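The chain contents come next:
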Amino acid sequence: MNEFKLQKYRDLGSILTDSFVYIKIHYKSLGKALLLLALPFYLVSGFVVGDAYTSFFSAMFNNPEAAESLIGPGFLIGMLLLVMSSVALLTVTLTHVSIVNEQGEAKLSDITDRFGTNFMILLLLYILIIFGVSISFLFFIIPGIYIGIKLFVAPAVSILENKNPIDAITRSWQLVKGHWWFTFATYLVMNIITSFMSYVVVIPFGIIMSFFTTAGAGSSESFVNGMGILYGLMILIASLFTVVLLIAMCLHYFNLIERKEGKGLRAQIEELG
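Predicted model, so just to flag it, every value in this text is computed and none were measured.

Procedures and definitions
Residues numbered from 1 in each chain as written. Predicted model: local features only at pLDDT ≥ 70, side-chain atom pairs only at ≥ 80, totals over all residues. Heavy atoms only, no water. Salt bridge = Lys/Arg side-chain N within 4 Å of Asp/Glu carboxyl O. Buried < 20%, exposed > 50% of the residue type's maximum accessible area, 1.4 Å probe, protein only. Patch = residues over 30% accessible without salt bridge, like charges linked within 9 Å, V, L, I, M, F, W, Y side chains within 5 Å. Areas by Shrake-Rupley, 256 points an atom, 1.4 Å probe, with all protein chains shown as cover. Helix = DSSP H or I, 4+ residues; strand = E, 2+ residues; numbered from the N terminus. Core = buried A, V, L, I, M, F, W, Y, C linked by side-chain atoms within 4.5 Å. Contact = heavy atoms within 4.5 Å. Phe/Tyr/Trp six-rings, centres within 6.5 Å; stacked < 30°, edge-to-face > 60°.

Enquirer: Which residues make up the pattern of salt bridges, and what are the values?
Expert: Scanning the model with the defined rule gives four salt bridges in all. Note that D18 and R10 form a salt bridge whose closest N and O atoms lie 2.7 Å from each other. Just as D18 is buried, R10 falls in that class too. Bridged by salt links that share partners, the residues E161, K163 and R171 form one connected network.

Enquirer: Explain a nonpolar patch on the surface residue by residue, including any values.
Expert: On the surface, a nonpolar cluster with roughly 650 Å² of combined accessible area is contributed by F131, I135, L138, F139 and F140. Examined against the element boundaries, F131 turns out to sit in helix α3 (residues 108–137). Of the residues examined, F131 reaches a relative accessible area of 57% and is grouped as exposed.

Enquirer: Before we move on, can you summarise the environment of L39 with the specific residues and values?
Expert: Assignment of secondary structure puts L39 in helix α1 (residues 12–62). The exposure class of L39 is partly exposed, given its relative accessible area of 24%. Linking L39 and L89, residues 50 residues apart in sequence, is a C-alpha distance of 8.3 Å.

Enquirer: An account of the nonpolar core is needed here, citing residue identities and associated values.
Expert: In this structure, L6, V153, M249 and Y253 are the most contacted members of the largest nonpolar core, which totals 56 residues. The set of elements that each furnish at least two residues to this core consists of α1, α2 (73–103), α3, α5 (154–160), α6 (165–176), α7 (180–214) and α9 (242–261). Among the elements that take part in this core, α9 stands out by supplying 13 residues, more than any other. Not counting residues within four places of it along the chain, the set of residues in contact with V153 comprises S172, V176, M249, H252, Y253 and L256.

Enquirer: Lay out the packing of aromatic side chains in plain terms, naming residues and giving numbers.
Expert: Each aromatic ring pair is described using two quantities: the centre-to-centre distance and the angle formed by the ring planes. Per the stated rule, a full pass over the model turns up ten aromatic pairs. When the centroid spacing of 5.6 Å and the interplanar angle of 75 degrees are considered together, the rings of F152 and Y187 count as edge-to-face. One end of the pair, F152, is in the loop between α4 (142–150) and α5; the other, Y187, is in helix α7, with 35 residues separating them in the sequence. Since its relative accessible area comes to 32%, Y187 is described here as partly exposed.

Set out below in C-alpha cells:
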C-alpha cells in the first residue's frame, strides 16, 4: 500500500509532479490495462488511417494530377475509430484512478469489469462536449475556450462520482466556478508538456519519412506501405502521452473538491475523532 493521496489540496506544481508520481507508482497495473483495452483500438484505427494515407501517397507518386482525395470512406472510418480509441484511453485511465481512490490499488479484473459501462458513458459525454465546444467556437472562438475549460473535469466527475453525462457536465460547471483561470492554467501547462513529450518521439518518424522521400524511394510500393505503418505508430505513440494529461485532470478534480467541499480534511478529522 502506498502513501499517495488523491484527495488533497494541490497547487499547479503539485498537480504536475503528482501526475508523474501516480504513473510511477501504478505503471504496472495501468500499463497492463492500456495494453489490453486501449491498444487494440489504436492498432485498428492506426492501420485504417495509415491505409488511407498509403492510397493517397501511392496515387500522388504515380499520377500527382489524378491523385484521389485523402478524405475518403477509409479515412473517415479511421477518424471515427480514433475517436473510439481516445475514449478507450480515457476510460481505462479514469477507471484506474476511480478504483485506486476506492481500494488503494487497481487490479486488471476490476478495470475490465467496469470498462464496458464506463466506455459508453464517456463516449456519450465525449460527443456532447465536442458538440458543445464546436458550436461555441463558431462565436469568435473565445466562448469555445471558456466552455471547454468549464467542462474540463466532466469526464473525471462522470466516473469518480458515477454520474450520467448531463449531471457530470453540470457538476463540472459548478466545480470550476471561481477557479476558471486555475483550471485553464492546469490544462494549458499539462497540454504543452504532453505535446512536447509526444513530439520528441514523433518527430524522428517524420524525419525518417522525409529522408526516404528525398532519397527517391517515394515511388516504391514498400515506401507507401511503410508510410501508412509509420503514421499509425505516430498516432499510437502521441496518444499514449495523453495519459499524463488525464491523470492531471483527475488530480485537479480532487483539488477542486478539496477547495470547495473539504472532503479530504473532513475525512482526516473523522479519523482523528
